[in-house]
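Below, each chain spelled out in residue letters.
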Amino acid sequence: MSDDQNGRRRPTAADFHPEVLRLFDQYVHGGMDRRMFLDRAARHALAAGTTAAGLLAALSPDFAGAQKVAPADARLRTEWAEFASPAGYGKAKAYVARPAQAAAALPVVLVVHENRGLNPHIEDVARRLALENFIAVAPDALFPLGGYPGDEDKARERFAQLDAAKTREDFVAAAQWARGLAGGNGRLGAVGFCWGGGTVNMLATRMPELAAGAPFYGPAPALDQVKNVKAQLLLVFADQDERINATWPPYESALQAAGVRFEAFKFAGTQHGFHNDTTPRFDEAAARQAWSRTLALFNRMLRA
């Protein structure tokens with residue numbers, strides 16, 4: 001167990017049977033529905049002295065308990081902005097966070113969410129970046145379908161209804177729009193988690209203007225497009241993450257063949273999603289190291 005922001009005890013991955021964590025990963029990524037998860041987790045719940053529904057509740061995000069930067073923090077200026085995406089859904093929307101007072105033009109970092117849309121956790125990550133003296137832009141892939149619905153299950157269902165090709169174009173449009181933001185220095189980076197990590201990988205193949213990318217446990221892009229990558233990459237992987245890690249060896253070979261500058265780190269003992277501090281899969285030590293390396297990359301590559 002660990003403590004949340006209010007000093008309450010919260011579970012960690014070590015409190016769950018490995019099979020329950022595997023089932024939860026499949027559930028989160030659309031490999032099974034809620035009923036199937038509950039059915040398969042039931043026998044482990046009995047051994048743990050709880051119910052399958054109790055296991056699911058314990059594994060689900062606690063946004064309020066993990067929040068690090070309040071939405072109304074006086075050190076920041078935040079806003080919602082819409083922009084054109086002619087090759088995508090036509091119009092897209094993003095949450096923008098920046099320091100309330102900036103002495104000079106700042107680098108811009110695109111923050112790309114997981115497969116649930118722009119939930120409160122990713123908004124908080126954007127604010128954390130803004131406190132590090134960046135302009136953070138966090139688009140919501142679900143905007144064309146009404147935006148993040150306030151419920152993770154409904155968000156996953158809505159996410160599955162997106163036209164993947166249009167959504168990719170929305171994020172290309174978001175990156176191009178973000179790079180030209182007033183107050184920005186013209187240098188662009190991107191960080192993303194899970195689906196968002198895959199999106200950062202994709203953007204690196206599509207945008208020569210992307211100077212730095214930090215995909216966290218994201219699937220590889222189309223390998224025949226890796227030759228187009230100009231960004232310097234920091235690739236972050238979890239240890240217990242077969243689905244994503246299986247895509248890495250051919251991606252690594254393609255990056256090497258293309259002469260791309262990159263570093264890759266796999267953090268021992270971690271689960272997929274270990275940076276997300278709203279769930280028990282969070283690993284504080286690994287998350288701190290990965291985030292520190294991400295900030296170092298952006299400071300090195302985006303402040304020239």
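Each remark here, short or long, concerns the structure printed above.
Presented here is a report on the structure given in the accompanying data block. Here the structure is a predicted model, which is why all the values come from computation and not from measurement.

**As for the overall build of the protein chain**
- The secondary structure content of the protein chain amounts to 11 helices and 10 strands.
- In terms of overall dimensions, the protein chain has a C-alpha envelope of 55 × 45 × 35 Å along the principal axes.
- Evaluated residue by residue, the protein chain yields a buried proportion of 51% over its 304 residues.
- Taking contacts inside the protein chain between residues at least 6 apart in sequence as the whole, the part at least 24 apart equals 66%.
- When the accessible area of the protein chain is evaluated, it comes to approximately 13200 Å², of which 49% is carbon and sulfur surface.
- Across the protein chain, 35 positive and 33 negative side-chain charges occur, with their mean positions spaced 4 Å apart.

**Let's talk about the packing of aromatic side chains**
- On inspection of all chains with the given rule, the structure shows 15 aromatic pairs.
- Between the aromatic rings of Tyr27 and Phe37, the centroid separation amounts to 5.6 Å while the plane-to-plane angle is 35°, which identifies the pairing as tilted. Of this pair, Tyr27 sits in helix H1 (residues 18-28) while Phe37 sits in helix H2 (residues 34-47), and the two are 10 residues apart along the sequence. As far as the burial class goes, Tyr27 and Phe37 line up, both buried.
- Its guanidinium or amino end placed over the ring of Tyr27, Arg156 lies 4.7 Å from that ring's centre, counting from NZ or CZ.

**Looking at the layout of surface pockets**
- Quantified by volume, the second largest pocket comes out at close to 380 Å³.
- Lining the second largest pocket are 14 residues, and of these Arg22, Gln240, Asp241, Glu242 and Gln271 lie nearest its centre.
- The leading source of residues in the lining of the second largest pocket is H1, at 5 residues.
- Taken together, the residues of the lining of the second largest pocket break down into 2 nonpolar, 5 polar and 7 charged.

**What to know about the sheet that holds strand S8 (residues 210-216)**
- As summarised here, the arrangement of the 8 strands in space is S3-S4-S6-S5-S7-S8-S9-S10, forming an open sheet in which the pairing is mixed. With one partner strand each, in any of the chains shown, strand S3 (76-85) and strand S10 (262-271) form the two edges of the open sheet. Averaged over all pairs of adjacent strands, the angle between strand axes in this sheet comes to 20°, irrespective of strand direction.
- Two strands pair when backbone bridges link them, and strand S4 (residues 90-99) and strand S6 (residues 135-139) are joined in this way by 4 bridges, in the antiparallel orientation. Counted as the bridge partner of Ala94 is Pro139 from S6.
- Contacting S3, S4, strand S5 (106-112), S6 and strand S7 (184-193), helix H5 (residues 120-131) runs over the sheet at an angle of about 45° to S4.

**Remarks on empty space enclosed by the protein**
- Inspection of every chain in the model, using the stated rule, returns 2 cavities of 30 Å³ or more.
- Roughly 40 Å³ of internal volume is contained in the largest cavity.
- Taken together, Phe83, Ala92, Lys93, Pro139, Asp140, Ala141, Pro144, Asp170, Phe171 and Ala174 form the lining of the largest cavity.
- For the lining of the largest cavity, the secondary-structure elements that each account for two or more residues are S4 and helix H7 (164-179).
- The element that contributes the greatest number of residues to the lining of the largest cavity is H7, accounting for 3 residues.
- Residues that form the lining of the largest cavity fall into these classes: 7 nonpolar, no polar and 3 charged.
- The space that makes up the second largest cavity amounts to roughly 30 Å³.
- Grouping the constituent residues of the lining of the second largest cavity by class yields 2 nonpolar, 3 polar and 3 charged.

**A few points about unusual backbone geometry**
- In this structure, Asn133 is a non-glycine residue whose phi angle is positive, near 75°.
- Within the element layout of this structure, Asn133 appears in the loop between H5 and S6.
- We classify Asn133 as partly exposed; its relative accessible area is 35%.

About the cut-offs
- Residues numbered from 1 in each chain as written.
- Predicted model: local features only at pLDDT ≥ 70, side-chain atom pairs only at ≥ 80, totals over all residues.
- Heavy atoms only, no water.
- Helix = DSSP H or I, 4+ residues; strand = E, 2+ residues; numbered from the N terminus.
- Buried < 20%, exposed > 50% of the residue type's maximum accessible area, 1.4 Å probe, protein only.
- Contact = heavy atoms within 4.5 Å.
- Areas by Shrake-Rupley, 256 points an atom, 1.4 Å probe, with all protein chains shown as cover.
- Lys, Arg positive; Asp, Glu negative; His and termini not counted.
- Charge placed at Lys NZ, Arg CZ, Asp CG, Glu CD.
- Phe/Tyr/Trp six-rings, centres within 6.5 Å; stacked < 30°, edge-to-face > 60°.
- Lys NZ or Arg CZ within 6 Å of the ring centre and 35° of its normal.
- 1 Å grid on protein atoms, 1.4 Å probe; cavity = no way out; pocket = protein on both sides within 12 Å on 5 of 7 lines; lining within 4 Å.
- Points joined across faces, edges and corners; volume = space filled by probe spheres on them.
- Nonpolar A, V, L, I, M, F, W, Y, C, P; charged D, E, K, R; others polar.
- Pairing = 2+ DSSP bridges.
- Axes fitted to C-alpha atoms, helices over the stretch in contact; angles between N-to-C directions.

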